[in-house]
Amino acid sequence: HFVYLLNAWFFIDMASVTYPYESSPGYLALVAQFGVTCYFGSTMAATISNEAHIPRKNFLGRFMLVGLFWFVVVPVTVLIATLLDPYLRAKSVAIMRLLVDASVLTGLVWLVAPARQDQFFTQASVPSVFNLHDGSSAYDNL
């Protein structure tokens, strides 16, 4: 956002620009978003291929799909916004982003619901100090 502010202060007349992605920092932000999307997809694919536990592999696959969907939304909304009239661009992108963010967060909450926690995650247990009868420290077995 700092780059947007510098660009607005020194190079662009704000009265002539109605949408932040119509500037060179906006295009740079889209390229950075594409790079992050590629990195996320490649690291998730490597993690999934190294995972042996089938339920955890399925969870990671669903998580990757939800994450990639969320990362792709910004460029798609920018493309849709370029087809709209200038006075509708900011409103339509804000509404689309709110709807997509709400749906993705709902999907993530469903994915990591506590009812399915035992299938995908192993929980570390710390022994209680009160249950130590052999004189060992509480953190010897960690």
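These numbers were taken from a predicted model, which means no experiment stands behind them.

Conventions we followed
Residues numbered from 1 in each chain as written. Predicted model: local features only at pLDDT ≥ 70, side-chain atom pairs only at ≥ 80, totals over all residues. Heavy atoms only, no water. Core = buried A, V, L, I, M, F, W, Y, C linked by side-chain atoms within 4.5 Å. Buried < 20%, exposed > 50% of the residue type's maximum accessible area, 1.4 Å probe, protein only. Helix = DSSP H or I, 4+ residues; strand = E, 2+ residues; numbered from the N terminus. Contact = heavy atoms within 4.5 Å. Salt bridge = Lys/Arg side-chain N within 4 Å of Asp/Glu carboxyl O. Polar contact = N/O pair within 3.5 Å; in protein donor to acceptor, adjacent residues only side chain to side chain. pLDDT = per-residue confidence, 0-100. Phe/Tyr/Trp six-rings, centres within 6.5 Å; stacked < 30°, edge-to-face > 60°.

**Overview of the nonpolar core**
Thought 1: Core analysis: the largest hydrophobic core is formed by eight residues, namely Phe-40, Met-44, Ile-48, Phe-59, Leu-60, Met-64, Phe-71 and Leu-111.
Thought 2: Breaking this core down by element, the ones donating at least two residues are α2 (24-50) and α3 (54-82).
Thought 3: Of all the elements, α3 adds the most residues to this core, at four residues.
Thought 4: Excluding anything up to four places from it in sequence, Phe-71 contacts Gln-33, Val-36, Thr-37 and Phe-40.

**Concerning the pattern of salt bridges**
Thought 1: All chains considered together, the criterion is met by one salt bridge.
Thought 2: When the shortest N-O distance is used, the salt bridge between Glu-51 and Arg-56 registers 3.4 Å.
Thought 3: Relative accessible area serves as the criterion here: at 18%, Glu-51 is assigned to the buried category.

**Observations regarding the environment of Thr-43**
Thought 1: Looking at the secondary structure, you find Thr-43 in helix α2.
Thought 2: A sequence separation of 21 residues divides Thr-43 from Met-64, and the C-alpha atoms of the two residues are 9.6 Å apart.
Thought 3: Among the polar contacts made by the side chain of Thr-43, one reaches the main-chain carbonyl oxygen of Phe-40 at a distance of 3.1 Å.

**Overview of the confidence of the model for the protein**
Thought 1: When the pLDDT values of the protein are averaged, the result is 75; 68% of them are 70 or greater.
Thought 2: Taking the mean pLDDT of every element in the protein, the minimum, 62, falls on helix α1 (residues 2-10) and the maximum, 89, on α2.

**A short note on the environment of Pro-55**
Thought 1: Tracing the backbone shows Pro-55 in helix α3.
Thought 2: Using a relative accessible area of 32% as the deciding quantity, one classes Pro-55 as partly exposed.
Thought 3: Distance in space between the C-alpha atoms of Pro-55 and Gln-119 is 6.5 Å, their sequence separation being 64 residues.

**Thoughts on the packing of aromatic side chains**
Thought 1: Within this structure, the stated rule accounts for four aromatic pairs.
Thought 2: Ring geometry for Trp-70 versus Phe-71: centroids 5.3 Å apart, planes at 65°, classification edge-to-face.
Thought 3: On the basis of relative accessibility, which here comes to 31%, the residue Trp-70 falls in the partly exposed class.

**A closer look at the environment of Gln-119**
Thought 1: Topologically, Gln-119 is positioned in helix α5 (residues 117-120).
Thought 2: On the basis of relative accessibility, which here comes to 43%, the residue Gln-119 falls in the partly exposed class.
Thought 3: Taking the C-alpha atoms as reference, Gln-119 lies 7.1 Å from Arg-56; in sequence the two are 63 residues apart.
Thought 4: Beyond its immediate chain neighbours, meaning those up to four positions away, Gln-119 contacts His-53 and Pro-55.

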